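Architecture and fold: a report
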Amino acid sequence: MNPELVDGYLQRIGAKRPERADAAALKYLQERHVLSIPFENISFHLNEPVPHSLEAVEKIIRERRGGCCELHSAFALLLRALGFQVTFLAGRVYRGKKPSGHTGHFALLVEIEEGLRDPGGADTGVWLVDVAQGGNSRWPLRFDARSPQDDPHGTYLLSDAPEGDVDVSLNGVPLYRLETRPRELEFFFPVLWWYRTAPDSPFVNRILCVQPREDGRVALTATGRVLIREQNGGETIRQKITGEEELREVLRTWFGIDVDHFPKLPGATARTS
């Protein structure tokens, strides 16, 4: 990434360029990213191509949105440009009591150089960074810790799973199971294709948009027909969306997303481009 694009990305998430690539900077950048950019799948319903890497960075800056592949490939570029060591990890999302049989998620593993670790030893140097899952943490999680980790979004726990994998749970509910071997970005392209074309893909028949906030979370669920606003104090407000123009207004107001035409109603088969 060139310096201009780095500056544009940082401006998009409301962040200043950190002085060094340490744990404090990583925490700051992930928090700004999570609170600034919605995780969504609108492109699937608009039959748009889903970019990655530099093209995803440009989309995030210009259109203010992105899905899993877009957000993680873009954030990885930003972190690398700022001096972090980043690799991709593949994961399988939990469906009920066990993880799915196929890869359905990926996250970032970020290593902090020895000389930049916290003097007190709290920084283990290896962190799990996830900015695009819906239930993801606001702060990085210590990847080699196996005790509960408190976060503004709840209590996370990383636990050992069969075959050397790692389970990630939130408030006792499993989210996904991660492999520990590094993957290249190209490994996830078939995953993206499956999400766009498979009849049983959870994205084909569902418009999804999630945005954590300082005081809670807003989410578009139930095939894009219900807006849920959750407050940290426990209050939940549900708004039924009755028409196409109201849905577009909800996207503009609560997620900062402006689409020039309405996404296809869930239930139609996704087309490839």
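No experiment lies behind these values; they were computed from the predicted model shown.

Quick word on the overall build of the protein chain
Each helix and strand in the protein chain was counted, giving seven helices and 14 strands. Taken over C-alpha atoms, the radius of gyration comes to 18 Å for the protein chain, in line with the 19 Å a tight globule of 273 residues would show. Considering only residue pairs separated by 6 or more positions, the protein chain has 52% of its internal contacts joining residues 24 or more positions apart. When the accessible surface of the protein chain is summed, it comes to about 12700 Å², and 50% of that surface belongs to carbon and sulfur atoms. Taken as two groups, the 34 positive and 38 negative side-chain charges of the protein chain have centres that lie 5 Å from each other.

Notes on the packing of aromatic side chains
Scanning all chains against the criterion turns up four aromatic pairs. Each ring, one from F88 and one from F188, has its centre 6.3 Å from the other, and the planes form 70°; the classification is edge-to-face. Of the two residues, F88 is situated in strand β2 (residues 85-95) and F188 in the loop between β10 (173-178) and α6 (189-197); the sequence distance between them amounts to 100 residues. Taken as a pair, F88 and F188 share a single burial class, namely buried. Where F187 meets F188, the ring centres are 5.3 Å apart and the plane angle is 90°; that geometry is what we call edge-to-face. Judged by its relative accessible area of 29%, F187 falls in the partly exposed class. Accessibility expressed as a relative area gives 3% for F188, which makes it buried. Here the aromatic residues F88, F106, F187 and F188 are joined through ring pairs into a cluster of three or more. Across the ring face of W139, the terminal group of K27 is positioned such that the distance to the ring centre comes to 3.9 Å. The residue whose ring lies beneath R183 is F187, and the NZ or CZ to ring-centre distance is 3.9 Å.

Topic: helix α7 (residues 244-255)
When the terminal C-alpha atoms of α7 are compared, their 16 Å separation across 12 residues agrees well with the 16 Å that a helix rising 1.5 Å per residue should span. Within α7, the full set of buried residues consists of L247, V250, L251 and F255. Here the buried residues of α7 occupy an arc of 100° about the axis, which is enough to place them on one side. The elements touched by buried residues of α7 are α3 (42-46), β11 (209-213), β12 (216-221), β13 (226-231) and β14 (236-240). Taken from the residues just after α7, G256 is the one with a positive phi, measuring 70°.

Structural notes on the pairing of strand β5 (residues 126-129)
Pairing geometry for strand β4 (residues 105-111) and β5, over four bridges, is antiparallel. The residue of β5 that forms the bridge with E111 is V126. Pairing analysis gives two bridges linking β5 to strand β6 (residues 141-142), with the strands arranged antiparallel. The residue bridging W127 from the neighbouring strand is R142, located in β6.

Describing the pattern of salt bridges
Overall, the coordinates contain 17 salt bridges when judged by the stated rule. Linking E63 and R65 is a salt bridge whose minimum nitrogen-to-oxygen distance equals 3.0 Å. For R65, a relative accessible area of 2% corresponds to the buried category. Between R252 and E245 there is a salt bridge, and its shortest N-O distance comes to 3.1 Å. The class for E245 is partly exposed, based on a relative accessible area of 47%. One continuous salt-bridge network, built from bridges that share partners, spans E245, R248, E249, R252 and D258.

Considering unusual backbone geometry
Its identity as a non-glycine residue notwithstanding, S53 has a phi of 55°, on the positive side. Mapped onto the fold, S53 is located in helix α4 (residues 53-63). The backbone of R64 shows a phi angle near 65°, a positive value even though the residue is not glycine. Inspection of the secondary structure assignment puts R64 in the loop between α4 and α5 (68-81).

Conventions adopted
Residues numbered from 1 in each chain as written. Predicted model: local features only at pLDDT ≥ 70, side-chain atom pairs only at ≥ 80, totals over all residues. Heavy atoms only, no water. Helix = DSSP H or I, 4+ residues; strand = E, 2+ residues; numbered from the N terminus. Rg over C-alpha atoms; globule rule 2.2 N^0.38 Å. Contact = heavy atoms within 4.5 Å. Areas by Shrake-Rupley, 256 points an atom, 1.4 Å probe, with all protein chains shown as cover. Lys, Arg positive; Asp, Glu negative; His and termini not counted. Charge placed at Lys NZ, Arg CZ, Asp CG, Glu CD. Phe/Tyr/Trp six-rings, centres within 6.5 Å; stacked < 30°, edge-to-face > 60°. Buried < 20%, exposed > 50% of the residue type's maximum accessible area, 1.4 Å probe, protein only. Lys NZ or Arg CZ within 6 Å of the ring centre and 35° of its normal. Expected span 1.5 Å × (residues − 1). Arc of directions from axis to C-beta. Pairing = 2+ DSSP bridges. Salt bridge = Lys/Arg side-chain N within 4 Å of Asp/Glu carboxyl O.

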